[in-house]
Structure formats: structure tokens, C-alpha cells
Amino acid sequence: MRIAFFGDIVGKTGRRAVEDHLPRLRETLALDFVVINAENAAAGFGVTEKICEQLFDYGADVLTLGNHAWDQREALTYIDREPRLLRPANYPVGSTPGRGANLFQTAKGESVLVVNAMGNLFMETLDDPFAAVERELAAAPLGEVADAVLVDMHAEATSEKNAMGVFCDGRASLVVGTHTHIPTADARILPGGTGYQTDAGMCGDYDSVIGMDKEEPVRRFTTRMRTSRFEPATGEATLCGVMVEIGPGGLAQSISPIRVGGKLAPQMPA
């Protein structure tokens, strides 16, 4: 089984990159399942029903979220109607709309558990992400209930993402980080067989400050003053992600970064 994960879509230019490249990538890489983090897809802040439906039409099987999950108010009701849209599993149980994990089927009938979690270091504090992921892994164990398990760890600190990879090693097919919007150079298979990358990067314009037009972020850093809201950069986006090939037992046999278009050097699975 081949699964691809793509990092945070930032605004219209990020959505356009998905539209331009994902259908071809699904075919050329023979992808069985695609997950994308969409929490910045609506002008950099949250996601809407219309945007989700577009991303599903472009070839996404599941969309994950993060700290901007509720920036668009319609997401509060849409997420209850759309099982393919996941918010972090460590939101308080029983009081938050939607799901933090779900079991999906590929076109070939294989089952894929997708778990979305959010870190606590340097971010708003939610429940323990490790306990939340443990709960979801125990409910659909790899190799027993799920043929593959993907964990999106939406976090600021590389240490917290790294710890989640170690925590899930041997029990997940892929643990990949999101939120910091910069692709890291550490894609590898952990000792227990879990594919891991600290951050997948973003689907957005890299001639920017993490996807946003450069002027306002630089002004805030240099003057400590807010003069306008952040706006997504509008240049050509790079589509950034990672692909894992999964073998018997649901563990990773290979892992390869994906970078297509835009400003970054291209990289594709061999």
C-alpha cells in the first residue's frame, strides 16, 4: 500500500497546487490513500465546507486540522457531517464537535486509521496528545484492525513531534509533523518500522514568511506592532509532503519526501 501525506495548505495558492499536481501524483506514484492537512486552506485561517469538497474532488481522501480548526465557524457544524474531516483528538472528549480519528477504506478494501493530534508546547493547551493517540491506537491496532495507521502530529516543538514518533514506533505506519510549514530533512524509518518526518512542510508559496505575505510578519517582528492581518502569499506554491510504502503488518518499507513546483528544489520518490 502507498500512502501520501501533504502538509498544511496555505490559502488559494496552496489549494491551486493541490489541484494542479495531486491528480497526476495519485496516478504516477500509484497512491492508494492521500491525507492533507487543511487547517490554513481558507485564506490562511481554517477551512470551509466548499474548500473541503474541492480538496476531496482533487484527490484527498482525508483532511486533518490543527490550532486553526475553528477559525471558520461553519466548520463547527460541517465537521459533524463529514467523517473525512478530522480535528485534533486531544480536544476535550464529549464537548468538542467532530472526530479526532477515524478508520477509512481504500479503493482496494484496505483499512487505514488516521489520527490527528495537537502538541501542547508553545501552543494552546489541550488534553495530553500522547494519551489521546494511545487511546486511538488501542481502539484499532495496527495489523489487527487497521492495515495502516497514519498520525498527523500538529505541533510547534520538534522535540514533541519527535517524541510522538518514538511513542508510536512499531504501532503506526507513518508519524508526520505539521504546523511549522518548513519541510525537515529527517524522513526515515524508525527502529520499530514506523515512517517518520518531523515536518512535512506546507503547500504554499515559500517566497513568504511561512506562507504569509512577507511585509506584515516582518513589521511585527521589527516594530512589535500589528498594522494589518496576515494574508497568504500569492506566488506559485510548492506542494510538500511525504510518501510511505507499507508492507506486511502495516509497517513502512520505504519513505520519501515529495516536493513539486514553486521555489523549493523538487524531490520525488525514486
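Our structure's up above, just so we're on the same page.
Just so we're clear, the structure is a prediction, and the values are computed from it rather than from any experiment. (Residues numbered from 1 in each chain as written. Predicted model: local features only at pLDDT ≥ 70, side-chain atom pairs only at ≥ 80, totals over all residues. Heavy atoms only, no water.)

A.B. asks: What exactly am I supposed to notice about the sheet that holds strand β10 (residues 195-197) here?
C.D. replies: Think of a sheet as strands paired side by side through backbone hydrogen bonds, with each pair either parallel or antiparallel. Pairing is mixed in the open sheet, where six strands are placed in the order β5-β6-β7-β8-β10-β9. Edge positions in the sheet fall to β5 (101-105) and β9 (188-189), since each has one partner strand and no second. Two elements, β9 and β10, share two bridges in a ladder whose sense is antiparallel. Looking at the pairing, Ile189 lines up with Gly195 of β10. Lying on the sheet, helix α4 (residues 129-139) is in contact with β5, β6 (111-118) and β7 (148-154); it crosses β6 at an angle near 165°. (Pairing = 2+ DSSP bridges. Helix = DSSP H or I, 4+ residues; strand = E, 2+ residues; numbered from the N terminus. Contact = heavy atoms within 4.5 Å. Axes fitted to C-alpha atoms, helices over the stretch in contact; angles between N-to-C directions.)

A.B. asks: Quick question: what am I supposed to make of the pattern of salt bridges here?
C.D. replies: In the structure shown here, the tally under the stated rule is 15 salt bridges. Between Arg219 and Glu215 there is a salt bridge, and its shortest N-O distance comes to 2.6 Å. Highlighted residues: Arg219 and Glu215, both in helix α6 (residues 215-223), separated by four residues, approximately one helical turn. Classification of Arg219 as partly exposed rests on a relative accessible area of 23%. Under the relative-accessibility criterion, Glu215 is labelled exposed at 52%. Look at the salt bridges and you will find they share partners, linking Glu215, Glu216, Arg219 and Arg220 into a network. (Salt bridge = Lys/Arg side-chain N within 4 Å of Asp/Glu carboxyl O. Buried < 20%, exposed > 50% of the residue type's maximum accessible area, 1.4 Å probe, protein only.)

A.B. asks: I keep staring at the packing of helix α1 (residues 11-28) against helix α2 (residues 49-58) and nothing clicks. Help me out?
C.D. replies: For any two helices packed against each other, one specifies the inter-axial angle together with the distance between the axes. As a packed pair, α1 and α2 sit with axes 9 Å apart at the nearest point and diverge in direction by 20°. As summarised for this structure, α1 and α2 are arranged roughly parallel, according to the angle between their axes. Considering how the two elements wind past one another, α1 and α2 form a crossing that is left-handed. Along the contact surface, α1 presents Arg15, Val18, Glu19, Leu22 and Pro23, while α2 presents Ile51, Gln54, Leu55 and Tyr58. Here the contact of α1 with α2 is built from residues that sort into six nonpolar, one polar and two charged. (Parallel < 35°, antiparallel > 145°, perpendicular 65-115°, else oblique. Left-handed = near helix turned anticlockwise from the far one by under 90°. Nonpolar A, V, L, I, M, F, W, Y, C, P; charged D, E, K, R; others polar.)

A.B. asks: Sorry if this is basic, but what is going on with the packing of aromatic side chains here?
C.D. replies: The relation between two aromatic rings is expressed through the spacing of the ring centres and the mutual angle of the planes. According to the stated counting rule, one finds three aromatic pairs in the structure shown. Note on Phe33 and Phe104: the rings are 6.2 Å apart at their centroids and 40° apart in plane angle, and the pair reads as tilted. Taken together, the residues Phe33 in strand β2 (residues 33-37) and Phe104 in strand β5 connect sequence positions 71 residues apart. Given a relative accessible area of 2%, Phe33 falls into the buried group. Phe104 gets classed as buried once you look at its relative accessible area, which sits at 10%. Where Phe130 meets Phe167, the ring centres are 5.3 Å apart and the plane angle is 85°; that geometry is what we call edge-to-face. Taken as a pair, Phe130 in helix α4 and Phe167 in helix α5 (residues 158-168) lie far apart in primary sequence, 37 residues in all. Judged by its relative accessible area of 30%, Phe167 falls in the partly exposed class. In this structure, Arg84 packs its charged tip against the face of Phe56, placed 3.8 Å from the ring centre. The side chain of Arg220 reaches across the aromatic face of Phe230, ending 4.0 Å from its centre. (Phe/Tyr/Trp six-rings, centres within 6.5 Å; stacked < 30°, edge-to-face > 60°. Lys NZ or Arg CZ within 6 Å of the ring centre and 35° of its normal.)

A.B. asks: Where do I start with the pairing of strand β8 (residues 174-178) in this structure?
C.D. replies: One face of the sheet, then the other: side chains in a regular strand alternate in exactly this way. The element β8 is largely enclosed, with a buried count of five among its five residues. Burial of β8 is two-sided: the residues Leu174, Val176 and Thr178 facing one way and the residues Val175 and Gly177 facing the other way are all buried. Both β7 and β8 contribute to a ladder of five bridges, which runs parallel. In the strand pairing of β8, His154 is matched with Thr178. One crossover worth recording links β7 to the parallel β8 by way of α5, and it is right-handed. (Right-handed = clockwise from strand over helix to strand, strands pointing away.)

A.B. asks: How should I be thinking about the side chain of His179 in this particular structure?
C.D. replies: Structurally, His179 can be placed in the loop between β8 and β9. Overall, His179 belongs to the buried group, its relative accessible area being 13%. Polar side-chain contacts of His179 include one of 3.3 Å to the side chain of Asn67. One polar contact links His179 to His154, side chain to side chain, over a distance of 3.2 Å. Beyond its immediate sequence surroundings of up to four residues, His179 is in contact with Asp8, Glu39, Asn67, Met123, His154, Ala155, Glu156 and Asp199. (Polar contact = N/O pair within 3.5 Å; in protein donor to acceptor, adjacent residues only side chain to side chain.)

A.B. asks: Teacher, can you tell me more about the environment of Gly192 here?
C.D. replies: Looking at the element boundaries, Gly192 is found in the loop between β9 and β10. Judged by its relative accessible area of 29%, Gly192 falls in the partly exposed class. C-alpha of Gly192 to C-alpha of Leu251: the two residues are 59 residues apart in sequence and 8.3 Å apart in space.

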